[in-house]
Amino acid sequence: MSQDQASREHRRQLYLSEAIGTALLVLGGLSVVIFMFGSGSPMERLLPSVVLRRMAGFLFGCVGGSIALSQVGKVSGAHINPAVTLGFWLMQKLDARTALGYVCAQLVGAALGSLPLLAWGAMGRSVDFGATVPGEGYMTMDALLGEVVTTFTLVTGLCIFIGFRGLRRFTPFLMPPLYAVMVTLETALSGTSTNPARTFGPALISGRWDGWWIYWVGPLAGTLAAILVCSSLARRIEVAKLYHFDSDRRRILHRMAGSH
């Protein structure tokens, strides 16, 4: 196999892994949402406080953190979010071709991961299978600002953890407490997506596209702001991964803009 063929095959493995990881995030994370908030769920009786049930953001974060720790994360870095991929591209840790491939893989994965959610039936339909839409009683700009702020917080947190060697190995464990806080405080505004792919999947099966552009513009703007603020930390980040930092054998996910 030639070097070019090997490189193409490796990229295919990266994209496949990223699609699988995003599918698992959508399926696992939104199953938590449906179980916690779906009509007829036993959680309505066991935990009647909506505020306490919003702490399910902790479990959503556990799903994402687990994917980063898994073999999926070892192969692709477990971005599982176009906003995170954009952040690494802005930091020049991967080139535009790879970044675009990641985003396409994430959207495909989100679509595939959303299909099994249909098995939740009426309980899933009662919450639009976890679709994120602007909150009732709030203006469009409120929802947009909510997505900007939460994604800014996510990407800034990743920059801090990945940028400091002493914190780096704890990066996946940032997700559960971070999402527990963000979902509890912000979800009434926009649903706390922070991830265009996470929003895309359930929108496909529920038909809820209300304010869909918010869930692209908000996370991407939040990411851009975070990278600008964390520009000095970005120089300390060596590889476009959330864990398994030493496993990029072909160095596709290291600083490589223009090298392929």
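Residues numbered from 1 in each chain as written. Predicted model: local features only at pLDDT ≥ 70, side-chain atom pairs only at ≥ 80, totals over all residues. Heavy atoms only, no water.

**So, the overall build of the protein chain**
Filter applied, for reference: Per the convention used, a helix needs a DSSP run of H or I reaching at least four residues, while a strand needs a run of E reaching at least two, with both numbered from the N terminus. Every radius of gyration here is taken over C-alpha atoms, with the globule rule written as 2.2 Å times N^0.38, N being the number of residues. We get accessible surface area from the Shrake-Rupley algorithm with a probe of 1.4 Å; when it comes to residues, only the shown protein chains can shield them. As used throughout, the charge tally considers Lys and Arg to be positive and Asp and Glu to be negative, leaving His and the chain termini uncounted. For the purpose of locating charges, the reference atoms are NZ of Lys, CZ of Arg, CG of Asp and CD of Glu.
A tally of regular secondary structure across the protein chain gives 14 helices and 0 strands. Counting from the amino terminus, helix and strand elements in the protein chain follow one another as α-α-α-α-α-α-α-α-α-α-α-α-α-α. Over its C-alpha trace the protein chain gives a radius of gyration of 18 Å, about what one expects of a compact globule, namely 18 Å for 260 residues. Principal-axis analysis of the C-alpha atoms gives the protein chain an extent of 55 × 40 × 30 Å. About 11700 Å² of surface is accessible on the protein chain, with carbon and sulfur atoms providing 66% of the total. Computed over 22 positive and 14 negative side-chain charges, the separation of the two mean positions in the protein chain equals 9 Å.

**Focus on the packing of helix 6 (residues 82–90) against helix 13 (residues 214–229)**
The angle between the axes and the distance between the axes are what describe a pair of packed helices. To be explicit about the condition: To get an axis, fit a line to the C-alpha atoms, keeping to the stretch in contact for a helix; angles then go from 0 to 180 degrees between the N-to-C directions. For any helix crossing, the convention is left-handed if the near helix is rotated counterclockwise from the far helix by under a right angle, and right-handed if that rotation is clockwise. Contacts are assigned to residue pairs with any non-hydrogen atoms lying within 4.5 Å of each other. Three classes are used: nonpolar for Ala, Val, Leu, Ile, Met, Phe, Trp, Tyr, Cys and Pro, charged for Asp, Glu, Lys and Arg, and polar for all others, with Gly counted as polar.
Between helix 6 and helix 13, the least distance of the axes is 9 Å, while the angle of their chain directions is 30°. The chirality of how helix 6 crosses helix 13 is right-handed. Facing helix 6, whose interface residues are Pro82, Ala83, Leu86, Gly87 and Leu90, helix 13 presents Trp216, Pro219, Leu220, Thr223, Leu224 and Ile227. Class assignment of the residues belonging to the contact of helix 6 with helix 13 gives a composition of 9 nonpolar, 2 polar and no charged.

**Points about the nonpolar core**
Our working rule: Residues enter a nonpolar core if they are buried and are Ala, Val, Leu, Ile, Met, Phe, Trp, Tyr or Cys, with the set joined through side-chain atoms within 4.5 Å. Burial classes: relative accessible area under 20% of the type maximum marks a residue as buried, over 50% as exposed, and values in between as partly exposed (1.4 Å probe, protein chains only).
Formed by 50 residues in total, the largest nonpolar core has its most connected members in Phe88, Leu158 and Cys159. Considering each element in turn, this core owes the most residues, 7 residues, to helix 1 (residues 3–37). Excluding anything up to four places from it in sequence, Phe88 contacts His79, Lys93, Leu94, Ile162, Ile237, Val239, Ala240, Lys241 and Leu242.

**A closer look at the state of the cysteines**
Rule in force here: Two cysteine sulfurs form what is called a disulfide whenever their separation falls within 2.5 Å.
Taken as a whole and assessed by the stated rule, the structure comprises 0 disulfides. You can see Cys230 has no disulfide; the closest cysteine sulfur is in Cys159, sitting 4.4 Å from it. Looking at Cys230, the relative accessible area reads 5%, which means it is buried.

**Comments concerning the layout of surface pockets**
Under the convention used in this document: In this analysis a 1.4 Å probe is tested at points of a 1 Å grid over the protein atoms alone, and where it fits but cannot get out there is a cavity; an open set with protein on both sides within 12 Å along at least five of seven lines is a pocket; lining residues have an atom within 4 Å of a point. Grid points are joined across faces, edges and corners, and a volume is the space filled by probe spheres set on the points.
If you add up the space inside the largest pocket, you get close to 830 Å³. Along the wall of the largest pocket there are 31 residues; nearest its centre are Val33, Phe37, Ala131, Thr187 and Gly191. If you list the elements that add at least two residues to the lining of the largest pocket, you get helix 1, helix 3 (50–53), helix 4 (57–69) and helix 11 (175–190). By volume, the second largest pocket amounts to about 160 Å³. Ile162, Arg165, Arg168, Arg169, Glu238, Val239, His244, Phe245, Asp246 and His254 together form the lining of the second largest pocket. When its residues are assigned to classes, the lining of the second largest pocket shows 3 nonpolar, 2 polar and 5 charged.

**Quick notes on the environment of Arg198**
Note the threshold: N or O atoms closer than or at 3.5 Å make up a polar contact, with two conditions inside protein: a donor-capable atom paired with an acceptor-capable one, and, for residues adjacent in sequence, both atoms drawn from side chains.
Mapped onto the elements of the fold, Arg198 is located in helix 12 (residues 196–206). Residues Arg198 and Pro42, spaced 156 residues apart in sequence, show a C-alpha to C-alpha distance of 25 Å. There is a polar contact of 2.8 Å between the side chain of Arg198 and the backbone oxygen of Gly130.

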